[in-house]
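Breakdown of the fold
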Amino acid sequence: MDYKKAGVDIEAGYKSVELMKEYVKETLRPEVLGGLGGFSGAFSLKKIKEMDDPVLLSGTDGCGTKVKLAFIMDKHDTIGIDAVAMCVNDIACAGGEPLFFLDYIACGKNYPEKIATIVKGVAEGCKQSDAALIGGETAEHPDLMPVDEYDLAGFAVGVVDRKDLITGENIKPGDTLIGIASSGVHSNGFSLVRKVFPMTKESLDTYYDELGKTLGEALITPTRIYVKALKSVKNAGVTIKGCSHITGGGFYENIPRMLPDNVCAVVDKGSYEVPAIFKLLAKTGDIEEQMMYNTYNMGVGMVLAVDLADADKTIDAINAAGDKAWKLGTVEAGEKGVKIQ
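Structure report, in brief.

Calculation notes
- Residues numbered from 1 in each chain as written.
- Predicted model: local features only at pLDDT ≥ 70, side-chain atom pairs only at ≥ 80, totals over all residues.
- Heavy atoms only, no water.
- Pairing = 2+ DSSP bridges.
- Helix = DSSP H or I, 4+ residues; strand = E, 2+ residues; numbered from the N terminus.
- Axes fitted to C-alpha atoms, helices over the stretch in contact; angles between N-to-C directions.
- Buried < 20%, exposed > 50% of the residue type's maximum accessible area, 1.4 Å probe, protein only.
- Contact = heavy atoms within 4.5 Å.
- Phe/Tyr/Trp six-rings, centres within 6.5 Å; stacked < 30°, edge-to-face > 60°.
- Right-handed = clockwise from strand over helix to strand, strands pointing away.
- Salt bridge = Lys/Arg side-chain N within 4 Å of Asp/Glu carboxyl O.
- Arc of directions from axis to C-beta.

1. Let's talk about the sheet that holds strand E4 (residues 97-107)
Taken in spatial order, the four strands line up as E3-E6-E4-E5 in an open sheet, and their pairing is mixed. Single-partner strands in this sheet number two, and they are strand E3 (54-62) and strand E5 (132-140). Sheet twist, expressed as the average angle between the axes of neighbouring strands with direction ignored, equals 15°. Direction of pairing for E4 relative to E5: parallel, over a ladder of eight bridges.

2. Considerations on the sheet that holds strand E14 (residues 337-340)
Read across the open sheet, the six strands follow the order E10-E12-E7-E13-E11-E14; overall the sheet is mixed. Looking at the sheet topology across the chains shown, the edges are occupied by strand E10 (242-245) and E14. Neighbour-to-neighbour, the strand axes of this sheet turn through a mean angle of 25°, independent of strand direction. Strand direction decides the pairing type here: strand E7 (residues 176-181) and strand E13 (residues 325-333), joined by five bridges, are antiparallel.

3. Considering the side chain of Ser203
Within the fold, Ser203 resides in helix H6 (residues 201-204). On the basis of relative accessible area, Ser203 is assigned to the buried category, the value being 11%. The contacts of Ser203, once residues within four sequence positions are left out, are Phe197, Pro198 and Leu215.

4. Examining the packing of aromatic side chains
All told, the structure shown has five aromatic pairs when counted by the stated rule. The interplanar angle of 50° and the centroid separation of 5.2 Å between the aromatic rings of Phe43 and Phe100 together place this pair among those described as tilted. Of the two residues, Phe43 is situated in strand E2 (residues 42-43) and Phe100 in strand E4; the sequence distance between them amounts to 57 residues. A relative accessible area of 13% means that Phe43 is categorised as buried. Exposure remark for Phe100: the relative accessible area of 14% places this residue in the buried category.

5. Description of the pairing of strand E12 (residues 300-306)
The buried fraction of E12 is high, at seven of seven residues. Looking at chain direction, E7 and E12 are connected through six bridges and run antiparallel. Along E12, the bridge assignment pairs Ile178 with Leu304. Across four bridges, the pairing between E10 and E12 is antiparallel. By the bridge assignment, Cys243 is partnered in E12 with Leu304.

6. A few points about the pairing of E4
Taken across its eleven residues, E4 has nine buried, putting it largely inside the fold. With ten bridges joining them, E4 and strand E6 (residues 150-161) adopt antiparallel strand pairing. Opposite Ala106, over in E6, you have Asp151 as the bridge partner. Where the polypeptide runs from E4 across helix H4 (residues 112-129) and back to E5, its parallel neighbour, the crossover connection is right-handed.

7. Focus: the environment of Ile178
Along the chain, Ile178 falls in strand E7. For the pair Ile178 and Ser40, spaced 138 residues apart in sequence, the C-alpha separation works out to 40 Å. Those residues within four positions of Ile178 in sequence are excluded, and the remaining contacts are Met302, Val303, Leu304, Val306, Ala311, Thr314, Ile315, Ile318, Ala325, Trp326, Lys327 and Leu328.

8. Some words on the pattern of salt bridges
For the structure on display, the rule yields 20 salt bridges. In this structure, Asp82 and Lys66 form a salt bridge, with 2.9 Å as the shortest nitrogen-oxygen distance. Of the two residues, Asp82 sits in helix H3 (residues 79-93) while Lys66 sits in the loop between E3 and helix H2 (67-73), which places them 16 residues apart along the sequence. For the pair shown, Asp82 and Lys66 are each scored as buried. A salt bridge links Asp323 to Arg224; the nearest nitrogen and oxygen atoms lie 2.7 Å apart. Of this pair, Asp323 sits in the loop between helix H12 (311-320) and E13 while Arg224 is found in the loop between helix H7 (215-220) and helix H8 (227-235), placing the two residues 99 residues apart along the sequence.

9. Description of the side chain of Thr214
For Thr214, the position within the fold is in strand E9 (residues 213-214). Beyond its immediate sequence surroundings of up to four residues, Thr214 is in contact with Leu204, Asp205, Thr206 and Tyr207.

10. Description of H12
Among the residues of H12, those classed as buried are Ala311, Thr314, Ile315, Ala317 and Ile318. With its buried residues spanning 165° around the axis, H12 presents them on a single face. Set apart from the buried face of H12 by more than 90 degrees, the exposed residues are Asp316 and Ala320. Looking at the buried residues of H12, the elements they touch are E7, H8, E12 and E13.

Written out as structure tokens, the structure reads:
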């Protein structure tokens, strides 16, 4: 008896590491110390010392049951972007700059080429957010997971000068809500998606005219990363008063997280066109509108609160960064919460 016969292939692990190195190297920042393969990732804090009062930020998350689509479609090169996005977007929400990311892949069997493809996606997410991929772990779990399945999670660390921390405490009635477009369903609500649509290759390969693509292509589209968009707003001289990353819990759970007491976010649902994937989901699943807004991003991946005078400048800065933004609503006096009308 040996470890390989017990279900863990050490040689496959070595090969995975070698295959993923080329992708990891593309993400490295000047602050990364040492090479790949150490027991820990080293990151210099010398640059951070230039800040008046540096505050470390962190975020950790996974892709949820969206990985099930990757299994069925045998498409593994974008799910890593989702893992990074779910972490770095939360850091950006606080006004921070992501510094580095580490991933964790648990699999039933280590197929080196598949693992390297997953990490390729992770590296792409890191490049999109200017974060270094400084480490990770691939754990083979025989008998605990099916051989063709895996789970992916990770965490990111970022930094912000305390004076630039976005807290929401200064949001007041009359402020403007800015919406930034999502790329689709992102990485939340897939347990409901899987109840509405059969998770079969035939179902996911079905082409829908209203989507302009197959169902699988629409659903597996990776989560949009908003780090550069928010940085563009900051560089434009705009103070972002509040920021909400619209993830699980949709509008009703996430927008209030940025609000102080005694103000209400009023969202004008007619201010933009809800993407076709959400309309198809609601129609096929007979899902009530309130439940849709309480589960999904509905085409809005991030919501900012800014002074009315800064609204147009904010939209221009976001659009210049390659994202799409618009005036989503306003802030009014009232009980803390969200009104969608």
